[in-house]
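# Results of the structural survey
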Amino acid sequence: MNLFRKIYGAALLLLLPLGVSARDSTAEEKELTVAERNALQGFNDTIDRLAEDFVSVSLMIADPTDPSEDALGTSGHAFLRLQCPTFGLDNCFSYEGENVNDNLYKYLSGQTKMGMFRVPTNEYLKDYYKWNRSVHEYRLNMPPETEQRLWEIMDNHTTNKISLRHDLNKYGCAITVVHYVKQALGETPIDYASNEELEHMTRREIGYRSMANHPWLRLTSMIFTDNKSDKDLPIDEKLIIPADLAEVWQQATVEGKPFAVYVGDIVEGAPLDDTTPWFSPMIAAILILLITIGMAFMRYPYWDWILLGGQAIFGLVLITLWIVMREFGGSAYIMMMLFNPLPLVFWKWRKYWALPYAILIVSGVVVLAFWPHMLIDPAILVLALAYVVLFAKDSLKRLLPSR
């Protein structure tokens, strides 16, 4: 009998945890009420925070600005609008920065600062009404828990002060929106549709394309940004232009639903004048080339000194800015070949180096024309030919029969 009791007691001890586990499992499977679920999160109310309409998230896209007003806005602007009707909250979270037109040197030297700002939507949109600049709204289909997580993330990253470095590819408005939304989604993936155009372009090419109607801005971008072959990046890392972001997210899905759905124009502004100015870098380069050819055999070559002086001054400016930015890459080395003070310094001894230098420039032009993903403005190539004429004309004179 005692043996039986011992065996029964041992079996009961072994089975007891299983019974507790079963009861716990049953309790876990029990669906909690809204009040019980809120209590676990520290809320003493019956508001359903997991309801589809508790928080809504919108991608907001503002139309581009004229470069004379704000050079950073020429590709448009992307920001987030988060609403919670239950608590009467409606805020815009926007990556804002200094107006680079006020200090062009800071922009060119990579010292422009940015910051994440939270502003009530009605207040934030006042400027867009004043600028007569359209703003388009796209509702994002995110799971309720990720919408709340996004709001928390945005609150944590809001500084309301200018303190962050600006970089179109890494910290620009559109790519910042992408990173925060992806962080909120966590393990929930965005399923992107195929986009062959973006998939075969580098981020620099994408940015360059967005400046199609601003040839002088395109030239500046080409000079002061490095060439990087980053075409193999995932598509969401290439969404640096607001219009591309809106288009790609409308074609993407999350949990089988279209990720971004166009709602309408929250601000209806006037269309931007996208007329390309007639006096472009190419026109300027062609004029310089023609004048250089016409002046090549003049007895008093004042034009030579203008070209050499411009080459030296611009070369020194470029070198100074690159040192400040600490970024030397493909673009820097290309431009240094064309713009530097050495030809002016050693012009007296040009018979020893001018023709080889001209041949070097011609070789560089040929290489640049076929180098994969090496963006170079065609105006620079035409200008390079003007310097070829400048450096090679003495050798050509010696080849011509004397009168």
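Above: the structure in question.
This report concerns the structure included in the present document. All figures in this text were calculated on a predicted structure; none of them were measured in a lab. (Residues numbered from 1 in each chain as written. Predicted model: local features only at pLDDT ≥ 70, side-chain atom pairs only at ≥ 80, totals over all residues. Heavy atoms only, no water.)

## Quick look at the nonpolar core
The biggest cluster of nonpolar side chains holds 45 residues, and the ones touching the most others in it are Leu59, Leu140, Leu150, Val181, Trp249 and Phe259. Looking at this core, the elements with two or more residues in it are β1 (56-62), β2 (77-84), β3 (89-97), β4 (113-120), β5 (135-140), α6 (144-157), α8 (173-185) and α12 (242-251). Looking at which element gives the most residues to this core, the answer is α8, with 9 residues. Those residues in contact with Leu59 that sit more than four places away from it in its chain are Ala78, Phe79, Leu80, His136, Glu137, Tyr138, Leu140, Val177, Leu245, Ala246 and Trp249. In terms of nonpolar packing, the next biggest core, distinct from the first, is built from 39 residues, Leu338, Tyr357, Tyr387 and Leu390 among them. (Core = buried A, V, L, I, M, F, W, Y, C linked by side-chain atoms within 4.5 Å. Buried < 20%, exposed > 50% of the residue type's maximum accessible area, 1.4 Å probe, protein only. Helix = DSSP H or I, 4+ residues; strand = E, 2+ residues; numbered from the N terminus. Contact = heavy atoms within 4.5 Å.)

## Some points on the packing of α8 against α12
Interaxial distance between α8 and α12 falls to 8 Å at its minimum, and their mutual angle equals 35°. Read as a crossing pair, α8 and α12 show a hand that is right-handed. Between α8, through Cys173, Ala174, Val177, Val178 and Val181, and α12, the contact on the second element is made entirely by Pro242, Leu245 and Trp249. Looking at side-chain class alone, the contact of α8 with α12 contains 8 nonpolar, no polar and no charged residues. (Axes fitted to C-alpha atoms, helices over the stretch in contact; angles between N-to-C directions. Left-handed = near helix turned anticlockwise from the far one by under 90°. Nonpolar A, V, L, I, M, F, W, Y, C, P; charged D, E, K, R; others polar.)

## Comments concerning α8
Look at α8: 19 Å from first C-alpha to last across 13 residues, which is about the 18 Å you get at 1.5 Å a residue. Judged by how many residues are buried, α8 sits mostly within the fold: 10 of 13 residues are covered. Within α8, the full set of buried residues consists of Cys173, Ala174, Ile175, Thr176, Val177, Val178, Tyr180, Val181, Ala184 and Leu185. Positive phi shows up at Gly186, right after α8, with a value of about 60°. (Expected span 1.5 Å × (residues − 1).)

## With respect to the pattern of salt bridges
Taken as a whole and judged by the stated rule, the model has 12 salt bridges. Between Arg81 and Asp90 there is a salt bridge, with the nearest N and O atoms lying 2.7 Å from each other. A relative accessible area of 10% means that Arg81 is categorised as buried. Arg81 is paired through a salt bridge with Glu137; the nearest N and O atoms lie 3.3 Å apart. With Arg81 in strand β2 and Glu137 in strand β5, the pair connects residues that are 56 residues apart, well separated along the chain. One network of salt bridges, with partners in common, ties together Arg81, Asp90, Glu137 and Arg139. (Salt bridge = Lys/Arg side-chain N within 4 Å of Asp/Glu carboxyl O.)

## Focus: the packing of aromatic side chains
This model, assessed by the stated rule, comprises 18 aromatic pairs. Summarising the aromatic geometry, the rings of Phe346 and Trp349 are spaced 6.2 Å apart at their centres and angled 55° between planes, so their arrangement reads as tilted. The class of Trp349 is partly exposed, set by a relative accessible area of 42%. Taken together, the ring pairs connect Phe314, Phe339, Trp347, Trp353, Tyr357, Tyr387 and Phe391 into an aromatic cluster. (Phe/Tyr/Trp six-rings, centres within 6.5 Å; stacked < 30°, edge-to-face > 60°.)

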